[in-house]
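Here are the chains, one letter per residue:
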Amino acid sequence: MSVREPRTRRERTSVSVLTGPTVIWLLLFFIVPLGVIFVYSFLQRGAFGGVEWVFQIDNYLRFADALYINIFVRSLWIAVLTTLICLLIGYPVAFWMSRRPAWMQGGLLLLIMVPFWTNFVVRMYAWRLLLFRQGILNGFVMGLGLREEPLALLFTPTAVVIGLVFAWVVNMILPCYASLVGLNDAMLEAAQDLYANRWQTFWKVVVPLTMPGIVSGSILVFVPSLGAYVIPDMLGGGSADMIGNLIHQQFTSGQNWPFGSAISVLLMLTMLIGTLIYFRVARQRTAQGIVG
Amino acid sequence: MGNPAVQLTQVTKAFGEVLAVSDIDLRIEDGEFFSLLGPSGCGKTTTLRIIAGFEMPTQGDVLIRGRSMGQTPPFKRPVNTVFQNYALFPHMTIEQNVAFGLEMKKVDKAETQRRVGEALEMVRLPNMGKRRPHQLSGGQQQRVALARALVNEPEVLLLDEPLGALDLKLRKAMQLELKRLQSQVGITFVYVTHDQEEALTMSDRIAVMNDGEVLQVGSPVEIYEHPTSGFVADFIGESNMLYGTVYAVEGTEAVILVDGTVPVRAHTDYDLSHGQRAGVVVRPEKITLGNGGALLGRVEEVVYIGTDTRYSIRLTDSTTLIVREQNGNSDQVRLYEAGEEVSVGWSPAQAIVLVD
Amino acid sequence: MASSSTTPSTQPVTEGHPTSRVSSGFASFWRQLGKFLLSGWALIFFVFLYLPIVTLIVFSFNESRFATEWSGFTLQWYGELFQNRLLGLALRNSLIVAFSTTLISTAIGTMVAVALERFDFKGKLPIDALLFLPIIIPDIAMGIMLLSFFALLNQSLGFVTIIIAHTAFNISFVAVIVRARMADIDPTLEEAANDLGANEWQAFWRVGFPLLLPGILAGALTAFTLSLDDYVVTFFVSGPGSTTLPVRVYGMIRRGVTPEINALSSLLLVASMILVVLSLALQRRSSRLNV
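Residues numbered from 1 in each chain as written. Chains lettered and ligands numbered in written order. Predicted model: local features only at pLDDT ≥ 70, side-chain atom pairs only at ≥ 80, totals over all residues. Heavy atoms only, no water.

(A) A look at the overall build of chain A. Helix and strand content of chain A: 13 helices and two strands. Counting the 292 residues in chain A, one finds 53% classified as buried. In chain A, once contacts between residues fewer than 6 apart in sequence are set aside, the share between residues at least 24 apart is 66%. (Helix = DSSP H or I, 4+ residues; strand = E, 2+ residues; numbered from the N terminus. Buried < 20%, exposed > 50% of the residue type's maximum accessible area, 1.4 Å probe, protein only. Contact = heavy atoms within 4.5 Å.)

Shown next as structure tokens:
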């Protein structure tokens, strides 16, 4: 029996000793700070950052401005687009990987993991080099004579999406790959035995069976994309500011902590709701067998 | 006789609302090969774990050699276990695995080395000491698990379906090996299995369990020939159950009217009264066909299975009998065909009355 | 693409397309094309995955200040890098933070993982949720909420606040990794040790811990990497004198592209690759230990 209730007083003590430090640390340095910004979001801004202890809901009302709604909608749009592109790129790659010989799969996984573990700021800086007006990609394009003028890539919304996709596509590939590898080949053969052709097998059997991988992959891409700050800052250069940039601004140059807190609260709520809706839709679709 | 090796008194174990083991009394004698037999989920493994000390009984007590175990933790009990999946320590060599128990008991180095060597010799793995468990085959790992337990010279060895993971041929070989080891070391074995054939071949006595209760305890012959309940009759080997009412009783022989029409003679250990509902158990191989048996049936199905032929014979509208006839010499025994009428009979002593 | 046969294929899993079977020449053509396109797609993906990294390393040796054209090999930028005192300081700060947070989060993350994987107790679900939150929360939110919290307490920002913040997100990652490893360890192994006369303490140190060690090390490496990697949270909770490497580098990047950063980034890349390979080697070793 692997998991059991603590038997003796001594075991109950060890459970407390083992979980205590984590519980205290996370309550004190995570839950309490979370509560702090929730409270801050109802206060007035201080003169030089910080807050005045006057209760109000203006911070939330202020968000109803077209300027902020725009940023909010754009962030949602970019996050959804990023998730879709990651699925389109990642699923075929995961599928391809899962059908390689075993020794090769290990190597391919390593190849995928290495960039993922390299410094995030450095990776995005590298993309900046590539997308730069005098950068490699443009040098390449013009060198081939494809274009006279350099492409304006850096500091565009496109650059932001490219950055987000390459930052998080691994989060899509790994869960999809895991569920594709777990796919029982007999199931595919059974489908074909029952007269399904290749496409039908794929849509009616492979995709529904790997739905758990697609769902978790999508959430793992959507959530960090929606909360992105570094990528829109570094690759968007103000052309495609997202919620993260807005929050950053309120806590630095804007010096409006209560408003920044309110936006953060809204951001987290959006993530929660978005994830829940996605879970529900995905489950319904799998249940009905209508996928795609 | 002195104290039994293991004694369970009114042991009950509840996991939340579920009773895994309920009110068990068992007495396992010194030097016995004792099996706990039953379908999965019957409580046999829980019973073993209670003896080992991995589970504490909700009620009742376990006595080992007359000593109450109470809340004694596993590491202070004079028993050792061979686990279902062997549970060999993957980060230690075979020698280190086998030496582990002695090391915990602070046995000195030289003696440890000698005893580990002997134990490995005993399970016929003398030159494997430096290897790691994953370098061994399933059968070899199983022997290491045995050596690791036996080297401690426990009062009782507990075995939890130790042959479950092996293939059929290896399993048969290991059954004999285990039996040999047990008579060699003379230690009491408590053996958990769901395989009735395994239990019958190896055990001195068997406890048949179902739903957390012990239904019957006895030697293999007793269990097979004189089941005391429909479950035991059905679980141990194949059997025919006929249901009817008591028509007449003469000493230990009763006549049961099956389905109100067919009178059947059977042995009884109970005091029966006329009109009482009762069942009759007959083993398929005890039934003879032809030879002027008392009953008449119609052959419904014939399945030839090499050494035997297996017939389904319809007695009444609601009762069919399974009959096994040995094929033996094909000149002497003729095969019946489906649709044929045939007389069916058995010696009354071979059929047993059950009242549930 | 109707196929002509109804016999299921019995090809081994590893070889070829899962849906391959005997079929007509025409269908076979489409299948080959499909395979070809799929492999091409994967190849292009891997090229784009590595393109920025390779570019970065190549151009860290480029004489020209600009990354458009190759003008000759030089080690000049690496030389300048090692002269940069501010960067050296930032690296030192990063290492101080990373080592401290790794030590703390590995210790308490492992402890909570052991409790969660071993025992069933009231409050298990809330602790699970508590551990899940830091993983999914956006780092920008984590940064500002810790900043607000420390400001409320009048706590000055510096090493202490950075280490607290990094530990707050690292505990969860360590716990997840150690738990995954623990789930792979057969729980009867420690029971077997008990059965052979080892008490709980001896059983854990002699059997449980050695088997868990690769998982703990993998958790520690992850914590170390994540700490070295973090920019956003650190930006909000670091003060003067405690600037870490990513924060310093980010500031330099915002001021413009310099080849010095290419050189630094290349070194960081190599360092993280070594860490990844190390952690994978550890995992492989540990999986080999499992029967």
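We are not done yet, so read on.
(B) Quick look at the interface of chain A and chain C. If you look at the interface, chain A gives 95 residues, while chain C gives 95 residues. Applying the counting criterion to the chain A and chain C interface returns one salt bridge. Where chain A packs against chain C, one counts nine residue pairs in polar contact (both at pLDDT 80 or more). With 21 residues, the top contributor of residues to the side of chain A that touches chain C is helix H1 (residues 9-40) of chain A. (Salt bridge = Lys/Arg side-chain N within 4 Å of Asp/Glu carboxyl O. Polar contact = N/O pair within 3.5 Å; in protein donor to acceptor, adjacent residues only side chain to side chain.)

(C) Expanded view of the confidence of the model for chain A. Of the residues in chain A, 83% reach a pLDDT of 70 or more, and the chain-wide mean stands at 81. Helix H3 (residues 66-98) of chain A holds the highest mean pLDDT among the elements of chain A, 90, whereas helix H6 (residues 136-143) of chain A holds the lowest, 67. (pLDDT = per-residue confidence, 0-100.)

(D) The packing of helix H2 (residues 94-104) of chain B against helix H3 (residues 109-122) of chain B, seen in detail. All names here are of chain B. Between H2 and H3, the shortest axis-to-axis distance is 10 Å and the interhelical angle comes to 120 degrees. As judged from the angle between their axes, H2 and H3 are oblique. The two elements H2 and H3 meet at a crossing, and its hand is right-handed. On the side of H2, the interface is formed by Ile94, Glu95, Val98, Ala99 and Leu102, while H3 contributes Thr112, Arg115, Val116, Ala119 and Leu120. Here the contact of H2 with H3 is built from residues that sort into seven nonpolar, one polar and two charged. (Axes fitted to C-alpha atoms, helices over the stretch in contact; angles between N-to-C directions. Parallel < 35°, antiparallel > 145°, perpendicular 65-115°, else oblique. Left-handed = near helix turned anticlockwise from the far one by under 90°. Nonpolar A, V, L, I, M, F, W, Y, C, P; charged D, E, K, R; others polar.)

(E) Here's a closer look at the packing of helix H5 (residues 120-131) of chain A against helix H10 (residues 245-255) of chain C. Packing of H5 of chain A against H10 of chain C brings their axes to within 10 Å, and their N-to-C directions diverge by 15 degrees. Between H5 of chain A and H10 of chain C, the crossing angle belongs to the class labelled roughly parallel. Considering the relative orientation of H5 of chain A and H10 of chain C, their crossing is left-handed. Contact residues: Val121, Tyr125 and Arg128 of chain A in H5 of chain A; Val249, Tyr250 and Ile253 of chain C in H10 of chain C. Per-class residue counts for the contact of H5 of chain A with H10 of chain C are five nonpolar, no polar and one charged.

(F) Broad picture of helix H6 (residues 159-184) of chain C. In a regular helix each residue adds 1.5 Å, so 26 residues correspond to 38 Å; H6 of chain C covers 37 Å between its end C-alpha atoms and thus fits that length. Where H6 of chain C bends most, the angle comes to about 30 degrees, and this point is Asn170 of chain C. (Expected span 1.5 Å × (residues − 1). Bend = angle between axes of the 7 residues up to and from the residue.)

(G) Representation of the side chain of Thr83 of chain A within the structure. With respect to the secondary-structure elements, Thr83 of chain A resides in helix H3. Sequence-distant contacts of Thr83 of chain A, that is, excluding residues within four places in its chain, are made with Met172, Ser218, Val221 and Phe222 of chain A.

(H) Spatial organisation of the sheet that holds strand S4 (residues 59-64) of chain B. Residues and elements named next belong to chain B. Ordered by their spatial adjacency, four strands build an open sheet running S2-S1-S4-S5, and the pairing between neighbours is antiparallel. Of all the strands in the sheet, just strand S2 (18-28) and strand S5 (67-68) have a single pairing partner and so form its edges. Alignment of S4 against S5, held across two bridges, turns out to be antiparallel. Paired with Ile64 across the strands is Arg67, a residue of S5. Here helix H1 (residues 44-52) sits on the sheet in contact with strand S1 (6-15), S2 and S4, set at roughly 115 degrees to S1. (Pairing = 2+ DSSP bridges.)

(I) Examining a nonpolar patch on the surface more closely. Residues and elements named next belong to chain A. A cluster of nonpolar side chains, contributed by Leu269, Leu272, Ile273, Leu276, Ile277 and Val281, occupies part of the molecular surface with about 560 Å² of accessible area. Note on placement: Leu272 falls in helix H13 (residues 257-288). Look at Leu272 and you get exposed, because its relative accessible area is 52%. (Patch = residues over 30% accessible without salt bridge, like charges linked within 9 Å, V, L, I, M, F, W, Y side chains within 5 Å. Areas by Shrake-Rupley, 256 points an atom, 1.4 Å probe, with all protein chains shown as cover.)

(J) Seen up close, the pairing of strand S11 (residues 240-250) of chain B. Residues and elements named next belong to chain B. The pairing of S11 with strand S14 (residues 277-282) spans six bridges and is classified as antiparallel. Counterpart to Gly244 in the pairing with S14 is Ala278. The sheet contact formed by S11 and strand S12 (residues 253-258) spans six bridges and is antiparallel. Its bridge partner lying in S12, Val249 is registered against Ala254. In this antiparallel pair of consecutive strands, S11 and S12, the connection spans two residues, and Gly251 shows a positive phi of 65 degrees.

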